[in-house]
Amino acid sequence: MPSPTVEELLANVGGLTPELARRIGDQIDECRRLLNTSADMDSVQQHLKDGGVSIIHAILITTRLLGDHPSRLLAARMIVECSPARTRTTP
């Protein structure tokens, strides 16, 4: 599945500005490249958190990474919210 274009993101996701849609599109491409290497989804989630990506945007990005998964929104929420990157607490 090719990365969604800015126009597709703007058409399908309410509240995105063109700049934010471009940024998210770039992050989707970046995460796909990571997944095409030896990185797993936890590494991708750590990468997103390290880059300052909010949980909401991480879920949006993850839905796109899951492609045609039948319950991709729920799956993306579980991946992001249960990721060690998001659940680790700092002392």
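Keep in mind that this is a model prediction, so the values were computed, not measured.

## Let's talk about the overall build of the protein
Phase 1: Counting its secondary structure elements, the protein contains six helices and zero strands.
Phase 2: A sequence separation of at least 24 residues applies to 51% of the contacts in the protein between residues at least 6 apart.
Phase 3: Total accessible area on the protein is roughly 5,600 Å²; 55% of this is exposed by carbon and sulfur atoms.
Phase 4: In the protein, the 10 positive side-chain charges and the 11 negative ones have mean positions that sit 4 Å from each other.

## Looking at the pattern of salt bridges
Pairing between side chains of opposite charge can happen when the charged atoms of each approach one another.
Phase 1: According to the stated counting rule, one finds two salt bridges in the structure shown.
Phase 2: Here glutamate 81 makes a salt bridge to arginine 77, at a shortest N to O gap of 3.1 Å. In this pair, glutamate 81 and arginine 77 are both assigned in helix H5 (residues 72-82), four residues apart and thus about one turn of the helix distant.
Phase 3: Owing to a relative accessible area of 35%, glutamate 81 belongs among the partly exposed residues under this scheme.

## Some points on the side chain of arginine 64
Phase 1: Relative to the helices and strands, arginine 64 resides in helix H4 (residues 55-65).
Phase 2: There is a polar contact of 3.3 Å between the side chain of arginine 64 and the side chain of threonine 63.

## Considerations on the nonpolar core
Phase 1: The biggest cluster of nonpolar side chains holds 19 residues, and the ones touching the most others in it are Leu16, Ile24, Leu48, Ile61 and Leu65.
Phase 2: Counting residues per element, the ones that place at least two in this core are helix H2 (18-36), helix H3 (41-50), H4 and H5.
Phase 3: Setting aside residues up to four positions removed in sequence, leucine 48 forms contacts with Cys31, Val53, Ala58, Ile61 and Arg86.

## Considering H3
Phase 1: For H3, the full list of buried residues reads Met41, Val44, Gln45 and Leu48. Down the axis of H3, the buried set is contained in an arc of 100°. They therefore lie on one face.
Phase 2: Buried residues belonging to H3 abut H2, H4, H5 and helix H6 (84-87).
Phase 3: Phi turns positive one or two residues past the end of H3, at glycine 52, with a value near 80°.

Parameters at a glance
- Residues numbered from 1 in each chain as written.
- Predicted model: local features only at pLDDT ≥ 70, side-chain atom pairs only at ≥ 80, totals over all residues.
- Heavy atoms only, no water.
- Helix = DSSP H or I, 4+ residues; strand = E, 2+ residues; numbered from the N terminus.
- Contact = heavy atoms within 4.5 Å.
- Areas by Shrake-Rupley, 256 points an atom, 1.4 Å probe, with all protein chains shown as cover.
- Lys, Arg positive; Asp, Glu negative; His and termini not counted.
- Charge placed at Lys NZ, Arg CZ, Asp CG, Glu CD.
- Salt bridge = Lys/Arg side-chain N within 4 Å of Asp/Glu carboxyl O.
- Buried < 20%, exposed > 50% of the residue type's maximum accessible area, 1.4 Å probe, protein only.
- Polar contact = N/O pair within 3.5 Å; in protein donor to acceptor, adjacent residues only side chain to side chain.
- Core = buried A, V, L, I, M, F, W, Y, C linked by side-chain atoms within 4.5 Å.
- Arc of directions from axis to C-beta.

In short, the description is geometric, and any link to function would need to be established separately.
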